[in-house]
Amino acid sequence: NHGMTVHFTIGLVFSLATFAEFLSAPVMGKELPKFGSKQMLVLSACTIAAMVLLFSFVARINTWKAFLTVSIAIRITQGVANGANFVASYSLLLGAYPDARGLVNGVVRAGVGCGYAMGPFLGGVLYDVGGFTLPFYVVGGLLLTNTVLIATFLPTSENQLSSQPLKDDVNYRQLLKVPWLGLS
């Protein structure tokens, strides 16, 4: 615990990413036209992956001040990148499927909810198997893989994403045929 109260430290470090996302998302939305959705998505995904991988090294920091400072810097950077990632993802998907905004939003939120539900469990399993660093290596590796897939295969225009119209009354089988929903 590096000389700090464990509960306070965990709460502070983990809440800062969400707070940074809260503050940065409107700014990222305003700046989106300058970067483009795909470029912002790739840059933010790469930054998130890098921060997750960097976090695997914080346990090696010996002093509590350095530990807290590095942890806070990583989590704030990750939060800003999360804000950019959500803005770019939603922009791409809602632009590609304007007639199914409710459905796209629902599917994206379901995916986020699934991650929040499964992440702690799977992280705990990985921790039990390989210690503190393994969850960060696995998640960072998956994020880097996703970043490469986005950079390689995601079209640059929302118009290129929607090969077929999608309406709010579509069913889940039809959604499984939309490759970009999961990738972004």
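Definitions and cut-offs
Residues numbered from 1 in each chain as written. Predicted model: local features only at pLDDT ≥ 70, side-chain atom pairs only at ≥ 80, totals over all residues. Heavy atoms only, no water. Helix = DSSP H or I, 4+ residues; strand = E, 2+ residues; numbered from the N terminus. Areas by Shrake-Rupley, 256 points an atom, 1.4 Å probe, with all protein chains shown as cover. pLDDT = per-residue confidence, 0-100. Buried < 20%, exposed > 50% of the residue type's maximum accessible area, 1.4 Å probe, protein only. Lys, Arg positive; Asp, Glu negative; His and termini not counted. Salt bridge = Lys/Arg side-chain N within 4 Å of Asp/Glu carboxyl O. Polar contact = N/O pair within 3.5 Å; in protein donor to acceptor, adjacent residues only side chain to side chain. Contact = heavy atoms within 4.5 Å. Patch = residues over 30% accessible without salt bridge, like charges linked within 9 Å, V, L, I, M, F, W, Y side chains within 5 Å.

Right, let's talk about the overall build of the protein for a bit. Counting its secondary structure elements, the protein contains 8 helices and 0 strands. Along the chain direction, N to C, the helices and strands of the protein fall in the order α-α-α-α-α-α-α-α. A total accessible area of about 10600 Å² is found for the protein, and carbon and sulfur atoms account for 67% of it.

We now examine the confidence of the model for the protein. Parts of the prediction with low pLDDT should not have their coordinates interpreted in detail. Averaged over the protein, the pLDDT score is 85; the fraction of residues at 70 or greater is 83%. When mean pLDDT is taken per element in the protein, helix 2 (residues 37-55) scores highest with 95 and helix 6 (residues 158-161) scores lowest with 55.

It is worth spelling out the side chain of arginine 75 at this point. Among the structural elements, arginine 75 can be located in helix 3 (residues 64-96). At 8.2 Å, glutamate 21 is the nearest oppositely charged side chain to arginine 75, a buried residue that forms no salt bridge. In this structure the side chain of arginine 75 is engaged in a polar contact, spanning 3.1 Å, whose partner is the backbone oxygen of phenylalanine 14. When residues no more than four places from it in sequence are discounted, the contact partners of arginine 75 are Val13, Phe14, Ala17 and Phe55.

So, on to a nonpolar patch on the surface. Taken together, the side chains of Met118, Phe121, Leu122, Val125 and Val129 define a hydrophobic patch exposed on the protein surface, amounting to about 470 Å² of accessible area. For phenylalanine 121, the location among the structural elements is in helix 4 (residues 101-130). Using a relative accessible area of 53% as the deciding quantity, one classes phenylalanine 121 as exposed.

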